[in-house]
Amino acid sequence: YPLRRQRQMCIRDRSNGSEQTRKRLADVLARWEGLLASCLREAQQRRELSETHDAEALASVIVEGWEGAVMRGKVLRDGAPLQRFVSMVLPRLLE
């Protein structure tokens, strides 16, 4: 997690710099959400995840929650927000 978290924080911090950078970052997030949505649909096909969930919306919520935890962890200089997201929030989203 540490290297990925640092990269994400750096990416997010740069999003205020230029329109080109903002668009590239939006593309990165969209790709990430798309890959995650694909995994969630596969889990639905395997009956590991309820089909009542909208895979695309759930993927967006997961990415948004993760990024919020990253930001809070950066502000607090503590990994606890990420740990809480993984242990408490993510399991409930995937019920």
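Whatever comes next refers back to the structure up there.
In this text, all values refer to a predicted model and were calculated from it rather than measured experimentally. (Residues numbered from 1 in each chain as written. Predicted model: local features only at pLDDT ≥ 70, side-chain atom pairs only at ≥ 80, totals over all residues. Heavy atoms only, no water.)

Caption draft 1: Summary view of helix α4 (residues 80–93). Between its first and last C-alpha, α4 extends 19 Å over 14 residues, near the 20 Å set by a 1.5 Å rise per residue. In α4, a bend of some 35 degrees at V86 exceeds every other bend along the element. Within α4, the full set of buried residues consists of A80, P81, L82 and F85. (Helix = DSSP H or I, 4+ residues; strand = E, 2+ residues; numbered from the N terminus. Expected span 1.5 Å × (residues − 1). Bend = angle between axes of the 7 residues up to and from the residue. Buried < 20%, exposed > 50% of the residue type's maximum accessible area, 1.4 Å probe, protein only.)

Caption draft 2: Broad picture of unusual backbone geometry. The phi dihedral of R47 falls on the positive side, at around 65 degrees, and the residue is not glycine. Tracing the sequence through the fold places R47 in the loop between α2 (19–45) and α3 (55–76). Residues other than glycine seldom take positive phi values, yet R77 does so here, at roughly 55 degrees. Mapped onto the secondary structure, R77 falls in the loop between α3 and α4. R77 sits in the exposed class, given a relative accessible area of 79%.

Caption draft 3: Representation of the packing of aromatic side chains within the structure. If you walk through the whole model with that rule in mind, you get one aromatic pair. On the numbers, 5.9 Å between centres and 70 degrees between planes, the contact of W66 with F85 is edge-to-face. A residue pair is termed long-range when its members are at least 10 positions apart, and W66 in helix α3 and F85 in helix α4 qualify at 19 residues. According to the relative accessible area criterion, W66 is buried, its value standing at 8%. (Phe/Tyr/Trp six-rings, centres within 6.5 Å; stacked < 30°, edge-to-face > 60°.)

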